[in-house]
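Single-letter residue listing:
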Amino acid sequence: MTDTSYELINEYKDQVRILKNQVSELEDASKSKDSANKRCLQKLEYANADLEKATDKIKELESKIKELKSGKPKQHNEEIKSK
């Protein structure tokens, strides 16, 4: 082989090495972003669950307020009297 062929081969090897490094960096960045997305999704799921619980509690309290205002307390006042 000629010197030019060796130079081309070495240049090709350098390019392959650079591309491998870039692929590795991109894979690391992808893994990092995937982890961040999973954490964000988990936070969203927790927030959604908390919102559902709060909404249920609000509905329950609104129902109790209606009962007390209507003068027809049902189970809640009976529980208070028994305590």
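Calculation criteria
Residues numbered from 1 in each chain as written. Predicted model: local features only at pLDDT ≥ 70, side-chain atom pairs only at ≥ 80, totals over all residues. Heavy atoms only, no water. Helix = DSSP H or I, 4+ residues; strand = E, 2+ residues; numbered from the N terminus. Buried < 20%, exposed > 50% of the residue type's maximum accessible area, 1.4 Å probe, protein only. Areas by Shrake-Rupley, 256 points an atom, 1.4 Å probe, with all protein chains shown as cover. Salt bridge = Lys/Arg side-chain N within 4 Å of Asp/Glu carboxyl O. Expected span 1.5 Å × (residues − 1).

Draft legend 1. Fine view of the overall build of the protein chain. Within the protein chain one finds 2 helices and 0 strands. Across the 83 residues in the protein chain, those meeting the buried criterion constitute 1%. Roughly 8000 Å² of accessible area belongs to the protein chain as shown, and the carbon and sulfur atoms make up 55% of that amount.

Draft legend 2. Structural view of the pattern of salt bridges. This model, assessed by the stated rule, comprises 4 salt bridges. Notably, a salt bridge pairs Arg 17 with Asp 14, separated by 3.5 Å at the nearest N-O pair. In this pair, Arg 17 and Asp 14 are both assigned in helix α1 (residues 3-70), 3 residues apart and thus about one turn of the helix distant. The shortest N-O distance in the salt bridge between Glu 60 and Lys 64 comes to 3.3 Å. Taken together, the residues Glu 60 and Lys 64, both in helix α1 and 4 residues apart, mark about one turn of the helix. The class of Glu 60 is partly exposed, set by a relative accessible area of 35%. The network of salt bridges with shared partners includes Lys 57, Glu 60 and Lys 64.

Draft legend 3. View of α1. In a regular helix each residue adds 1.5 Å, so 68 residues correspond to 100 Å; α1 covers 99 Å between its end C-alpha atoms and thus fits that length. At the exit of α1 stands Gly 71, carrying a positive phi of roughly 75 degrees.

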